[in-house]
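What follows is each chain in one-letter form.
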Amino acid sequence: MAKYHKPENRIVQELKDIAHKLRIDSIRATDASKSGHPTSCASMAEIMSVLFFHTMRYKLSSPKDACNDRFILSKGHAAPILYAAWAEAGLFPVNELLNLRKIDSDLEGHPTPRLNFIDVGTGSLGQGLSVSCGMAYVGKYYDKASYRVYCLIGDGESAEGSVWEAMHFASYYKLDNLVAIFDVNRLGQSEPTSLQHDMEVYRKRAESFGFNAIVVDGHDVEELCKAFHEAANTKNKPTALICKTFKGKNFPNIEDLEDWHGKALGDKSAGVIQHLESLIKNKGHLQLHPQKAVIEDAPKVDISNVTLASPPEYKLGEQIATRFAYGTAIAKLAASHSRVIALDGDTKNSTFSDKIKKVDPSRHIECFIAEQNLVGVAIGAACRDRTVAFVSTFATFFTRAFDQIRMGAISQTNVNFVGSHCGVSIGEDGPSQMALEDIALFRSIPGSTVFYPADAVSTERAVEIAANTKGVCFIRTSRPNTAVIYKNDEQFKIGKAKVVKSSNKDQVLLIGAGVTLYEAIAASDELAAAGIGARVIDLFTIKPIDAATIIANAKQCKGRIVVVEDHYPEGGVGEAVMSAVAEERDIIVKHLAVPRVPRSGPPKVLLHMFGIDAKCIVAAAQEIIKK
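Not measured: the values here are computed from a predicted model.

What about the environment of Ile273?
Reasoning step 1: Take Ile273: it is sitting in helix 9 (residues 269-279).
Reasoning step 2: On a C-alpha basis, the gap between Ile273 and Ala89 in space is 20 Å, while along the polypeptide they are 184 residues apart.
Reasoning step 3: Not counting residues within four places of it along the chain, the set of residues in contact with Ile273 comprises Ile24, Ile27 and Arg28.

Structure, rendered in C-alpha cells:
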C-alpha cells in the first residue's frame, strides 16, 4: 500500500472548519424553508468536508465530467449538506442555499438530477449503493478509468435488504473503486436504530460480505483522511467505511437526542450557530479546494444512433417467440455498438439476454436473484451516458423493484427493461410466475414508453427503438412461439399502431397485443366465416397509444371495439384504449382480460378458462354487435 502522509495541521484545521461551516449552512437553509433535516446533516459534516475538500477528484467547472469521482448521497434527506458542500466549493453562491425547498428552486428536499451535480434522485432509502455499484462496475470494467465512487448510507437505511444485495454484488465483482460510507449516528426517524452504536456488529457484517471494513470516529478528520487513503489503496475488494457519528453533532442540547429528526431548529438556531462559529479557527473566507487533479483517462463515449448490425431475417409464418427475438436483437445491437450491455437476474437462458455473450461475454452483467439491486445497478451503469443498458428478467419480478424503477424516472434514467413470461400464456408455471400487473406498473411511470411487440420482426425493431429513446422503456415479451406476421422491412414507430386485417364491411374492431393479437386474428377469421367483418389492430406501443388510429378505425367499424389482453383488467391495454376513446361520442368498448388470480395449466386451456382466447373474442364481438 502507498505510504500514508498525514495532512498538514493547517489542512486538518481547515477541514474541521469547513465541517462547521457546512453545519451552519444546513441550519440556515432548513430554517429558511422551515423544514428539512439539519441534525442528519450534522452527523456527516466531517465526512463531507474530507471527501469534497481533500479526497475526491472532480472538476468544479464540469460536475458530471466522465473522469470525475462520483458521489451518491443514499440518505437523500441530508440533501442540504450536499448542496452546501458544492456551494462552499464554489459551484454556486452560498446564499442560494436559502432557496432550499422553494417551488422555483432546484434545491429540492431530496436530490434530483435537475441539478447539474446530481447523478440520480435519492431519498427512497436503501437504493444509493446499488446505483453506485453500477457506476463502479462501468468504471472498472468498461471505462477502465481511475475515477472512484463514494456512496454515503445512513445507518437506518442499512436495514433495507437492497443494501445487502448491493454489498454482495460489489464484493463478488471486486469493486475496489467503490467506498460505502455508513453514517452510524444511532438514531432513526422515530426511535434509535436496531444496532445503535454497536460498531463491531457493523464491522463483522461488512467483512462477512467481502468488504474491507474500517471503523472510524466519523467526526475525526485525521482518521477519515487515513481511512480514505487506505480505501484507495485496497485492491480486489470494496471498502466499507463505518463511521461512528452523532446526530446533531455540536448542536448544544440537541446532539444525540431523540425527536429532532426532520425538524428545522427554529428559535434554537441562533444559539447553535453562535456555538458552531466559536469552533471555527479560521475566521476569514476559506479558499480550500480539492487538492488532487482529475486523472483524464475515461474514454469518450457516444451512445447515439444505436442500430441493429443487420435487419431482421425471418420468413412470414415462421414460429418465433418474442423473447428469443429480443436475445437476437440485443446481440445485434452489441455487435454494432460497444456500449450496449445486458443485465439479468439469473434468467438469461429464459429471457435470452445471454445471446449477447456470443458477441462479447463482458457485456453481460449477471446480477443474480436480487431484482432491486439489478435495477439499481442498471440505473448506475446508464449514468452520465456511459452505457445503453437493457435489463431483463421475468416481467412479474420487476414488480418487486417498482420503487427502484419509479426512482429511475425521477433520476431521468434511460434504462430499458425487458420482461418475459407475461400472462397466463406461460402455462404450467402458474400465477406466481405470470406477469399480469407489469403493463400497469410501467404505464404508471412518468415519461415511460411501453412496447408490446407481437412478432419477431416488431420485437427487433422495438429493441432498436428503445436503445435510442430517452426515459424508462419497457418491452413486454412472450414465452410461446408466435408467427411472424410482418415483413422484414416493415417500419415501426413509437405511438403508431398497425392495422393487420381489415375489409370495407367491418362491424367491429378487435385490438390485441402479443399473444392475444393472434387470438384476435383467429377470431376475425371465424367471424368472417359467419359473415361478420372484424378489423384487427396491433398497438405495438401501449404508451404512448395511437389514439388517432384507434378512433378512426373504430368509427369505420360502427363505434364497436373489443380489446383483449393477457393481463389483469386494471391498468393494462384495455384501460389504455378506453382512455384514448373516452372523449369520443358513439364508441363502446368491450374489455376482455384475466379477471382473477389464474392457475397452472396448458396455455391454450388457460386462455379459454380466463376468457381471452379466440372463442371468447367471437362471443364478445357478437354481443357488442347486438348493442
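What about the sheet that holds strand 2 (residues 149-154)?
Reasoning step 1: Pairing is parallel in the open sheet, where five strands are placed in the order 1-2-3-5-4. A strand with exactly one partner marks an edge of an open sheet, and here the two such strands are strand 1 (70-73) and strand 4 (212-217). Here the average twist between neighbouring strands, direction ignored, is 20°.
Reasoning step 2: Sheet topology places strand 3 (residues 178-184) next to strand 5 (residues 239-244); six bridges connect them, and they run parallel.

Observations regarding the packing of aromatic side chains
Reasoning step 1: Going through the model one piece at a time under the given rule, you end up with 27 aromatic pairs.
Reasoning step 2: Arranged with centres 5.0 Å apart and planes meeting at 75°, the rings of Phe324 and Phe352 form a pair that is edge-to-face. Remark: Phe352 occurs in the loop between helix 11 (348-351) and strand 8 (364-366) and Phe324 occurs in helix 10 (residues 322-336); sequence separation between them is 28 residues.
Reasoning step 3: Geometrically, the ring pair formed by Phe442 and Phe474 is stacked, given 4.1 Å between the ring centres and 5° between the ring planes. Here Phe442 is found in helix 14 (residues 438-443), whereas its partner Phe474 is found in strand 12 (residues 473-476), with 32 residues between them in sequence. Each member of the pair, Phe442 as well as Phe474, carries the same accessibility label: buried.
Reasoning step 4: Among the aromatic residues, those joined into a cluster by ring pairs are Phe52, Tyr58, Phe71, Tyr83, Trp86, Phe92 and Phe117.
Reasoning step 5: Lying over the aromatic face of Phe324, Lys355 brings its terminal NZ or CZ to 3.5 Å of the ring centre.
Reasoning step 6: Looking at Lys498, its charged tip hangs above the ring of Phe492, at a distance of 5.0 Å from the centre.

Scoring rules and cut-offs
Residues numbered from 1 in each chain as written. Predicted model: local features only at pLDDT ≥ 70, side-chain atom pairs only at ≥ 80, totals over all residues. Heavy atoms only, no water. Helix = DSSP H or I, 4+ residues; strand = E, 2+ residues; numbered from the N terminus. Contact = heavy atoms within 4.5 Å. Pairing = 2+ DSSP bridges. Axes fitted to C-alpha atoms, helices over the stretch in contact; angles between N-to-C directions. Phe/Tyr/Trp six-rings, centres within 6.5 Å; stacked < 30°, edge-to-face > 60°. Buried < 20%, exposed > 50% of the residue type's maximum accessible area, 1.4 Å probe, protein only. Lys NZ or Arg CZ within 6 Å of the ring centre and 35° of its normal.

Just distances and angles here, no functional claims.
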